[in-house]
Amino acid sequence: MFRYLSLCSCLILLVLTGCSQPAAPSNKIILWHWMTDRNDTLQALAQEYQKETGIEVSIQLFAPSDSYSQKVIAAAQANVLPDIYGILDKKSIVADFIKAGLVADLTDAMSADNSAWKDSLYDKALADRRFDAGNIYGVTPGIYGVPIDVTNEQMLYNKKLLSKAGINAPPQSFDEFIRDAKILRRVGITPFVSGWGELWLLDCFASNYAFNIMGEDKIFDTFRGKVKYTDPDWIKVFKVFDDLRSEGVLIDGIVTKGNKYAEQDFALERAAFAFNGSWCVHVYQGMNPDLDFGVMPPPPISSAYPLKIWGSAGSSFVVNASSPNKIKAIAFLKWLTAKEQQVVLVKETNNLPSNREAASVISPILGEFAKGMDQSTHPNIWPLNEDPSVSEVFDRGIQDIIIGEKTPEEVARDVQKAKDLQLSKGNH
């Protein structure tokens, strides 16, 4: 999704931080962000905060996200980060920022008043920037970020198209999904679309079924090298995509389709089902305000283990640990994630709130997404992740299955070969 920082950049960051003198305390907080869809709302909230407290909050937008990340890297190297900012990268990079002294530990603030602030937020969202005892990154346990919204990825279905095909309810199992897809094809409706030209979204869908087929312990043992990708359960995961291909479920060109184009396909009713994130509610509203759709988890294959969906903080801010305005910055983020301000963000942006109490005002369609948070998981909160070199072979292998170039068994062997190579290099 977001561009990973290079190892070189991280090393430079660790060496060069602390070279310049910190600014003096002031009555002005500076916040950097990348969210073009939320800038106007954040600006308005900042003005309201100044009226209430007398503290000015300068909201500064830098977009797109790649440009924003480059600016954060440069500012970190020069030790001129703002009071509040976001880190758009994997958890290991967040850990590097923390160990370099660039991110404040918010545990005490979150735990004050019998943990009132912490308990008001979705735990799965906090986990995105929380490091528990014994974490593999060597970070002192604590909470290092504040989520301003949450997100999860699920399936969407077009009610009108299903009705046109005589389908009265969304499928409750994978077999029913295949059955409905065949019915849709017979009446000239494309069954399914997703932006599987973006590997992270394909990986997300695959992991849903891996959790459902074999459970999390076996998945993590595979990452550790204790279970092989040629195991029958992994073959079943790969076979999911072979079945989707052979049964004509997928829209043409799905492995080269970016998610914004897949969103257009679903919004313009070119497909009956889609796999996308909760942000799509806002996107679809802009593309087709009359779109009538529902939300459902991917239909399960097995009853042996629960089907997990990816869900976590959508957007998070951290506080600069060396900021002279650290206390004021924390106070602003606490205010920003209180129910009243979260309600404003929900109404203006159609994103899921990070504050549990604000969930009472969300639209019914967002409410369906919100229900999924209790069944959510995410790579950022897993005890370990697969090596990126192996993950890429895994995801591209699935693309090969979808286009009919390889069988599930062939892809399993390819992925295990990549895993064996990774293990031989000592990359555990």
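Residues numbered from 1 in each chain as written. Predicted model: local features only at pLDDT ≥ 70, side-chain atom pairs only at ≥ 80, totals over all residues. Heavy atoms only, no water.

**Student:** Is there a simple way to think about the pairing of strand β9 (residues 293-296) in this case?
**Tutor:** A regular strand places its side chains on the two faces of the sheet in alternate fashion. Residues Phe293 and Val295 point to one face of β9 and Gly294 and Met296 to the other, with burial holding for every one of them. Bridge analysis of strand β6 (residues 146-158) against β9 gives four bridges, and the strand direction is antiparallel. Looking at the pairing, Tyr157 lines up with Gly294 of β9. (Buried < 20%, exposed > 50% of the residue type's maximum accessible area, 1.4 Å probe, protein only. Helix = DSSP H or I, 4+ residues; strand = E, 2+ residues; numbered from the N terminus. Pairing = 2+ DSSP bridges.)

**Student:** Explanation requested: empty space enclosed by the protein in the structure shown.
**Tutor:** Where empty space is left becomes clear once a probe the size of a water molecule has been rolled over the atoms. On inspection of all chains with the given rule, the structure shows two cavities of 30 Å³ or more. Of the pockets and cavities examined, the second largest cavity occupies roughly 40 Å³. Forming the boundary of the second largest cavity are Arg38, Ile148, Asp149, Leu345, Val346, Thr349, Asn351, Leu352 and Pro353. Here the lining of the second largest cavity takes three residues from helix α15 (residues 339-349), the largest share from any one element. (1 Å grid on protein atoms, 1.4 Å probe; cavity = no way out; pocket = protein on both sides within 12 Å on 5 of 7 lines; lining within 4 Å. Points joined across faces, edges and corners; volume = space filled by probe spheres on them.)

**Student:** Is there a simple way to explain helix α12 (residues 259-267) in this structure?
**Tutor:** Count 3.6 residues to each turn of an α-helix, and residues three or four apart come out pointing the same way. Those residues of α12 that sit buried are Asn259, Ala262, Glu263, Asp265, Phe266 and Ala267. Of the surrounding elements, those touching the buried residues of α12 are β6, β7 (192-193), α9 (199-214), β8 (273-277), α13 (280-287) and β9. Positive phi shows up at Glu269, right after α12, with a value of about 65°. (Contact = heavy atoms within 4.5 Å.)

**Student:** Quick question: what am I supposed to make of the nonpolar core here?
**Tutor:** Looking at soluble globular proteins, one finds that nonpolar side chains tend to be buried together. Grouped together as the largest cluster of nonpolar side chains are 85 residues, with contacts concentrated most on Phe192, Trp196, Phe205, Trp234, Phe241, Leu244 and Phe273. Per element, the largest residue contribution to this core is eleven residues, and it comes from α9. The next biggest cluster of nonpolar side chains, apart from the first, holds 52 residues, and it includes Leu45, Val57, Tyr144 and Phe317. (Core = buried A, V, L, I, M, F, W, Y, C linked by side-chain atoms within 4.5 Å.)

**Student:** Would you mind going over the packing of aromatic side chains with me for this structure?
**Tutor:** The geometry of an aromatic ring pair comes down to the distance between the two centres and the angle between the two planes. Going through the model one piece at a time under the given rule, you end up with 33 aromatic pairs. Centroid distance Phe177 to Phe273: 5.1 Å. Interplanar angle 85°. Geometry classified as edge-to-face. With Phe177 in helix α8 (residues 174-186) and Phe273 in strand β8, this pair connects stretches of sequence that are 96 residues apart. The structure contains a cluster of three or more aromatic residues connected by ring pairs, namely Phe174, Phe177, Phe192, Trp196, Phe205, Tyr209, Phe241, Phe273 and Phe275. Taking the ring centre of Phe131 as reference, the NZ or CZ of Lys91 above it sits at 4.8 Å. (Phe/Tyr/Trp six-rings, centres within 6.5 Å; stacked < 30°, edge-to-face > 60°. Lys NZ or Arg CZ within 6 Å of the ring centre and 35° of its normal.)

**Student:** Looking at this model, I keep getting lost on the packing of helix α11 (residues 232-246) against helix α17 (residues 388-402). Mind explaining?
**Tutor:** Any two packed helices are characterised by the angle at which their axes cross and by the distance between the axes. Two numbers describe how α11 lies on α17: the axes approach to 8 Å, and their chain directions differ by 40°. Judged by the sense of rotation from one axis to the other, the crossing of α11 with α17 is right-handed. Taken together, the residues of α17 that come into contact with α11 (itself represented by Trp234, Phe238, Phe241, Asp242 and Arg245) are Phe394, Ile398, Ile401 and Ile402. In terms of residue class, the contact of α11 with α17 is made up of seven nonpolar, no polar and two charged. (Axes fitted to C-alpha atoms, helices over the stretch in contact; angles between N-to-C directions. Left-handed = near helix turned anticlockwise from the far one by under 90°. Nonpolar A, V, L, I, M, F, W, Y, C, P; charged D, E, K, R; others polar.)

**Student:** Looking at this structure, I do not really get α8. What am I missing?
**Tutor:** The end-to-end C-alpha distance of α8, which contains 13 residues, comes to 19 Å, matching closely the 18 Å that a straight helix rising 1.5 Å per residue would cover. All of the buried residues in α8 are Phe174, Phe177, Ile178, Asp180, Ala181 and Leu184. Relative to the axis of α8, the buried residues are bounded by an arc of 165° and lie together on one face. Residues of α8 that are exposed and point over 90 degrees away from its buried face: Asp175 and Arg186. Downstream of α8 by a residue or two, Gly188 has a phi angle that is positive, lying close to 80°. (Expected span 1.5 Å × (residues − 1). Arc of directions from axis to C-beta.)

**Student:** Whenever I open this one, the pairing of β8 confuses me. Can you help?
**Tutor:** Summarising burial for β8: five of the five residues are buried, a large majority. Residue alternation in β8 divides its side chains into two sets, Phe273, Phe275 and Gly277 and Ala274 and Asn276, and both sets are buried. Here five bridges tie β6 to β8, and the two strands are oriented antiparallel to one another. Residue pairing for β8: Met155 is matched across the bridge by Phe275.

**Student:** Teacher, can you tell me more about the state of the cysteines here?
**Tutor:** Such a bond, covalent and formed between the sulfur atoms of two cysteines, is termed a disulfide. Tallied over the entire structure, the rule returns zero disulfides. The cysteine Cys204 is free of any disulfide, with Cys280 supplying the nearest cysteine sulfur at 13 Å. Exposure remark for Cys204: the relative accessible area of 0% places this residue in the buried category. (Disulfide = S-S within 2.5 Å.)

**Student:** Quick question: what am I supposed to make of the packing of helix α2 (residues 39-53) against α15 here?
**Tutor:** Following both chains from N to C, one finds α2 and α15 inclined at 155°, their axes separated by 10 Å at the closest point. Classified by the angle their axes make, α2 and α15 are roughly antiparallel. For the pair α2 and α15, the crossing hand works out as right-handed. On α15, the residues touching Thr41, Leu42 and Leu45 of α2 are Gln341, Val344, Leu345, Glu348 and Thr349. When its residues are assigned to classes, the contact of α2 with α15 shows four nonpolar, three polar and one charged. (Parallel < 35°, antiparallel > 145°, perpendicular 65-115°, else oblique.)

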